[in-house]
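What the coordinates show
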Amino acid sequence: MPSTERVLRSEVVVLRHTDWGEADRLLVLYSREAGKLRAVAKGARKLRSRKAGHLEPFTRVKLMLARGRDFWIVTQAETVDAYMPLREDLLRTGYAAYVIELLDRFTYEEGENRPLYQLLTDTLERISLLPDAFVAVRYYEIHLLDLLGFRPELFRCVRCQTEIKAENQYFDALHGGVVCPNCIGQTPTARPVSMNVLKHLRHFQRSSFRDALRADPSPAVRSELEAVLTYYLTYLLERKLNASAFIKVVRSGPTSEDLH
Ligand SMILES: [Zn+2]
């Protein structure tokens, strides 16, 4: 638990929940005030629980939490935004589930990150409201990487530091950025990235969302953008999962990760 307070008033997004005991739910939350948290909602699985409706995944909710022995305990819940359109359309549901899962997999209980909370709630709102959420999701990926310390280098070769021209290039997950044609021989893990895709990545990284939204990538650029970001995100997650397994072995005791 990140703070020593007895009571925490916080705005959160519910990432997921699991059944806990006979009638309770264990919630995984991302909070504006304290980052990732786990909390128990007592009696949330009873038919007439007043709290339960506020505590579904993807819901943005104001909570009052009291410190329990092992977890925070939800004492009050009030919905700020249920993002209803996310629940009424399969594609939007899929995008929202992806956004939530990415945040969940990249964060531990490491404390407050308000810009990340803001990015999460902005993105859920964009997916709810925009007719086409493709750019919103790619924008989220790039800025999530930035806020977690994995900002991809898109302007200088990650091996020789030469300025990279906006032409067909390579991207290397291992070094976290673009590689120039001269260095490609030394980076066997790099994959090609076309000029057009590199331009889009740079635009999304540097621009406000309003400006990013002016981009209208073709279907070919869309699938390549998605592929290069998936390649980098997957690499980082695998590395992170290995690190977490290692930490677990070193601690050789149960961690909060065991509660999945
Ligand atoms: Zn180079």
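To be clear, the structure that these remarks concern was listed above.
This report concerns the structure included in the present document. Small disclaimer: the values here were computed from a predicted structure and weren't measured.

A closer look at the overall build of the chain
On a plain count of helices and strands, the chain comes out with 7 helices and 8 strands. By the burial criterion, 46% of the 260 residues in the chain qualify as buried. Long-range contacts, defined as pairs at least 24 residues apart, comprise 61% of the intrachain contacts of the chain with a sequence gap of at least 6. Accessible surface, the chain: about 13500 Å² in total, of which carbon and sulfur atoms supply 51%.

What to know about the coordination of the zinc ion
Summarising the metal site, the zinc ion is bound by the protein donors Cys157 (SG), Cys160 (SG), Cys180 (SG) and Cys183 (SG), whose distances to it range over 2.3 to 2.4 Å. If you look at the zinc ion, its 4 donor atoms make angles of 104 to 117° with each other, and the shape they trace is tetrahedral. Mapping the donors of the zinc ion onto the primary sequence gives the spacing C-x2-C-x19-C-x2-C. Its relative accessible area of 6% is what places Cys183 among the buried residues.

Digging into helix H4 (residues 134-147)
For H4, spanning 14 residues, the distance from its first C-alpha to its last is 20 Å, which sits close to the expected 20 Å at 1.5 Å a residue. The buried count for H4 comes to 12 of 14 residues, which makes it a mostly enclosed element. Every buried residue belonging to H4 is among Phe134, Val135, Ala136, Val137, Arg138, Tyr139, Tyr140, Glu141, Ile142, His143, Leu144 and Leu145, and all of these are buried. Trailing H4 by a residue or two, Gly149 shows a phi angle of about 90°, which is positive.

Some points on the packing of helix H2 (residues 90-106) against H4
Between H2 and H4, the least distance of the axes is 11 Å, while the angle of their chain directions is 5°. It follows that H2 is roughly parallel to H4 by the angle criterion. Between H2 and H4, the contacting residues are Tyr95, Tyr98, Val99, Leu102, Leu103 and Phe106 on the first element and Phe134, Val137, Arg138, Tyr140, Glu141 and Leu144 on the second. A per-class count over the contact of H2 with H4 returns 10 nonpolar, no polar and 2 charged.

Some words on the environment of Arg202
For Arg202, the position within the fold is in helix H5 (residues 195-206). Dropping the residues within four chain positions of it, Arg202 is found in contact with Leu154, Phe155, Ile164 and Ala166.

A few points about the packing of aromatic side chains
All chains considered together, the criterion is met by 5 aromatic pairs. Pairing Trp20 with Phe71 gives two aromatic rings, centres 5.5 Å apart and planes at 85°, and the pair type is edge-to-face. Taken together, the residues Trp20 in strand E1 (residues 7-20) and Phe71 in the loop between strand E4 (60-67) and strand E5 (72-81) connect sequence positions 51 residues apart. A residue is classified by how much of its surface remains accessible, and Trp20, at 30% relative accessible area, is partly exposed. Here Phe71 falls in the buried class, since its relative accessible area comes to 13%. Ring centres 5.3 Å apart and planes at 70° place the aromatic pair Phe171 and Tyr232 in the edge-to-face group. One end of the pair, Phe171, is in strand E6 (residues 169-172); the other, Tyr232, is in helix H7 (residues 219-251), and 61 residues separate them in sequence. One aromatic cluster is present, built from ring pairs that chain together Phe171, Tyr231 and Tyr232. For the cation-ring pair, Arg191 lies above Tyr231, with the distance from its terminal atom to the ring centre recorded as 5.9 Å.

Some points on the sheet that holds E4
Ordered in space as E1-E2-E3-E5-E4, the 5 strands form a closed barrel in which the pairing is mixed. When the angles between neighbouring strand axes are averaged without regard to direction, this sheet yields 50°. Of the pairings in the sheet, the one linking strand E3 (residues 35-41) to E5 comprises 2 bridges and is parallel in character. Paired with Ala39 across the bridge in E5 is Trp72. Packed on one face of the sheet, H2 meets E1, strand E2 (24-31) and E3 and runs near 105° to E1. Each of E1, E2 and E4 touches helix H3 (residues 114-129); the most contacted strand, E1, lies at about 60° to it.

Structural notes on the sheet that holds E6
One open sheet accounts for 3 strands, arranged E7-E6-E8; its pairing is antiparallel. Unpaired on one side and paired on the other, strand E7 (177-179) and strand E8 (191-193) mark the two borders of the sheet. When strand polarity is set aside, the average angle formed by the axes of neighbouring strands in this sheet is 50°. Here 3 bridges tie E6 to E8, and the two strands are oriented antiparallel to one another. Pairing of Gln169 across the sheet is with Val193, part of E8. Along the sheet, H5 makes contact with E6, E7 and E8, crossing E8 at roughly 80°.

Here is what the cut-offs are and how they apply
- Residues numbered from 1 in each chain as written.
- Predicted model: local features only at pLDDT ≥ 70, side-chain atom pairs only at ≥ 80, totals over all residues.
- Heavy atoms only, no water.
- Helix = DSSP H or I, 4+ residues; strand = E, 2+ residues; numbered from the N terminus.
- Buried < 20%, exposed > 50% of the residue type's maximum accessible area, 1.4 Å probe, protein only.
- Contact = heavy atoms within 4.5 Å.
- Areas by Shrake-Rupley, 256 points an atom, 1.4 Å probe, with all protein chains shown as cover.
- Donors = N, O, S within 2.8 Å, 3.2 Å for Na, K, Ca; no water.
- Tetrahedral: all angles 85-135°; square planar, octahedral: opposite > 155°, others 65-115°.
- Expected span 1.5 Å × (residues − 1).
- Axes fitted to C-alpha atoms, helices over the stretch in contact; angles between N-to-C directions.
- Parallel < 35°, antiparallel > 145°, perpendicular 65-115°, else oblique.
- Nonpolar A, V, L, I, M, F, W, Y, C, P; charged D, E, K, R; others polar.
- Phe/Tyr/Trp six-rings, centres within 6.5 Å; stacked < 30°, edge-to-face > 60°.
- Lys NZ or Arg CZ within 6 Å of the ring centre and 35° of its normal.
- Pairing = 2+ DSSP bridges.

Note that every value here comes from positions in space, so none of it alone points to a role or purpose.
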